[in-house]
Amino acid sequence: MPSTILQPGERFLWSGRPQRVAPAGLEWVRPLGGSVLVAGLAAAVLPFQEPGLPFAAAVFTLAAGLVGVWWPVLARPWVVGRAGYAVTDRRVVVADRVSGRIRRQAALGPTPPTVTWLGHGGLGTLTFGAPDLVVDVFGYSVPVRWRGRLDTIRLIAVPEPDRIRELVEQAVA
């Protein structure tokens, strides 16, 4: 992470990047389940279409549905692979590692970040902002809300998330 993102008087607590780009485990449920749903709808509708334009429209709709379901999986390596994370004593920053442009930033609040989705190898997700509701699914802490609110920043697939949380707690105290 370039030091150009630092503001005067600010110091780094931690910087890094996501350690896992491809979805793993339960993250595959959405695209696979969506594909089954789209294929099932297509199998129910396509036999009743007449040849010609309505059939082409149905095939296009099927293709658009599959792209819509798989787009988050296909775009993830590009978006997450370029992300760089920085936590300073005042704020949390998500920047593009290639261009250096800051994508999102927020001041550190009085509440410490929450740690969820502890996966293999100790990788976890740090959520800065309002904490998500979390449920336990087969030993994994899974957030109930997948899409974040505007005031929430998530650092996904970071190593040793508990240590980063402790650094933030010490800086805020």
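Just above, that's the structure.
Remember, it's a predicted structure, so these values are computed and weren't measured experimentally.

Would you explain helix H1 (residues 29-45) in this entry?
An α-helix turns once per 3.6 residues; consequently, residues spaced three or four apart project the same way. The terminal C-alpha atoms of H1 lie 24 Å apart, and with 17 residues this matches the ideal 24 Å at 1.5 Å per residue to within 8%. All of the buried residues along H1 are Pro31, Gly34, Ser35, Val38 and Ala42. All buried residues of H1 lie within an arc of 105 degrees about the axis, which places them on one face of the element. Facing away from the buried side of H1 by over 90 degrees, the exposed positions are Val29, Val36, Leu37 and Ala43.

Any chance you could explain unusual backbone geometry here in plain terms?
Excluding glycine, most residues fall at negative phi; most peptide bonds, likewise, are trans. Positive phi values are uncommon outside glycine, yet Ala157 reaches one of about 55 degrees. Judged by relative accessible area, which is 2%, Ala157 ranks as buried. Located in the positive-phi region is Glu160, a residue other than glycine, with phi close to 50 degrees. Tracing the chain through its elements places Glu160 in the loop between strand E9 (153-159) and helix H3 (161-172).

Would you take a moment to explain the pattern of salt bridges for this structure?
Once the charged atoms of two side chains with opposite charge are near each other, the side chains can pair. Counted by the stated rule, this structure contains 6 salt bridges. A salt bridge links Arg11 to Asp89; its shortest N-O distance comes to 4.0 Å. Of this pair, Arg11 sits in the segment before strand E1 (12-16) while Asp89 sits in the loop between strand E2 (83-88) and strand E3 (91-96); the two residues are 78 residues apart in sequence, bridging distant segments of the chain. For Asp89, a relative accessible area of 21% gives the class partly exposed. Between Asp96 and Arg103 there is a salt bridge whose closest N-O contact spans 3.6 Å. On the accessibility criterion, Arg103 (26% relative accessible area) is partly exposed. In this structure, a network of salt bridges that share partners links the residues Arg82, Asp96 and Arg103.

Criteria and thresholds
Residues numbered from 1 in each chain as written. Predicted model: local features only at pLDDT ≥ 70, side-chain atom pairs only at ≥ 80, totals over all residues. Heavy atoms only, no water. Helix = DSSP H or I, 4+ residues; strand = E, 2+ residues; numbered from the N terminus. Expected span 1.5 Å × (residues − 1). Buried < 20%, exposed > 50% of the residue type's maximum accessible area, 1.4 Å probe, protein only. Arc of directions from axis to C-beta. Salt bridge = Lys/Arg side-chain N within 4 Å of Asp/Glu carboxyl O.

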